[in-house]
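Single-letter residue listing:
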Amino acid sequence: MTKEYTCIICPNGCELTAEFEDGKVLTVHGALCKRGREYVEQELTNPQRNIASSILLEGGVLPLASVRLSKPIPKDKIFDVMAAIKKVRLQAPVHIGQVAIPNVLGLGSDVIVTKNIAAK
């Protein structure tokens, strides 16, 4: 079977064509680096994504604090993680690297703040 992918691992955004059979990648064409094949294998067996969002911030000079995950999560858990993020409120001040939600949903990834925001 043949399937096309756009690699998201590096800025090249290679258009990949992968041939696979029984869940095993046979060939990958179009990759400018070796990470293209690794991406296709991961997408085929266990797709992962990293997400960025924002959390409501109380008492801050800004109303929202930007956050991201410390490591990728299974693609099918994105909406569950976003729902968990939506429930959280932080109190200003917040700092880059501050953990807003440790081990979100038991997935082994923390939700961390990505911007310093002072209190009013």
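Reading guide: rules and limits
- Residues take numbers from 1 onward in each chain, read along the sequence in its written order.
- Note on the predicted model: pLDDT of at least 70 is required for a residue's local features to be given, and 80 or more for side-chain atom pairs to be given and counted; whole-chain, interface and lining totals, by contrast, use all residues.
- Hydrogens and waters are ignored; side-chain quantities use all the structure's heavy atoms.
- Put simply, DSSP H or I for four residues or longer makes a helix, DSSP E for two residues or longer makes a strand, and each gets a number counted from the N terminus.
- Any two strands with at least two DSSP-identified bridges between them are counted as paired.
- Here an angle of 0 to 180 degrees is reported between the N-to-C directions of two axes, which are lines fitted to C-alpha atoms, with helices fitted over the stretch in contact.
- By definition, residues are in contact when any of their heavy atoms lie within 4.5 Å.

Undergrad: I tried to follow unusual backbone geometry on my own but got confused; where do I start?
TA: Peptide bonds are mostly trans, and most non-glycine residues show a negative phi. Cis peptide bonds are those with omega within 30 degrees of zero, and the linkage from Ala 92 to Pro 93 qualifies with 5°. Relative to the helices and strands, Pro 93 resides in the loop between strand 8 (89-91) and strand 9 (99-101). Phi angles above zero are rare outside glycine, and Asp 22 is one such case at about 50°. Phi is positive for Leu 105, which is not a glycine, with a value near 55°. Relative to the helices and strands, Leu 105 is located in the loop between strand 9 and strand 10 (111-113).

Undergrad: What should I look at first to understand the sheet that holds strand 6 (residues 64-69) in this one?
TA: The strands making up a sheet associate through hydrogen bonds between their backbones, and the pairing can be parallel or antiparallel. Strand order in the open sheet made by the 5 strands is 8-5-6-10-9, with mixed pairing throughout. Taken across any chain shown, the strands that pair with only one partner, and hence form the sheet edges, are strand 8 and strand 9. Sheet twist, expressed as the mean angle between neighbouring strand axes with direction ignored, is 45°. The sheet contact formed by strand 5 (residues 52-58) and strand 6 spans 5 bridges and is antiparallel. The residue of strand 6 that forms the bridge with Ile 55 is Ala 65. On top of the sheet, helix 2 (residues 78-86) reaches strand 5, strand 6, strand 8, strand 9 and strand 10; it is set at about 15° to strand 5, its chief contact.

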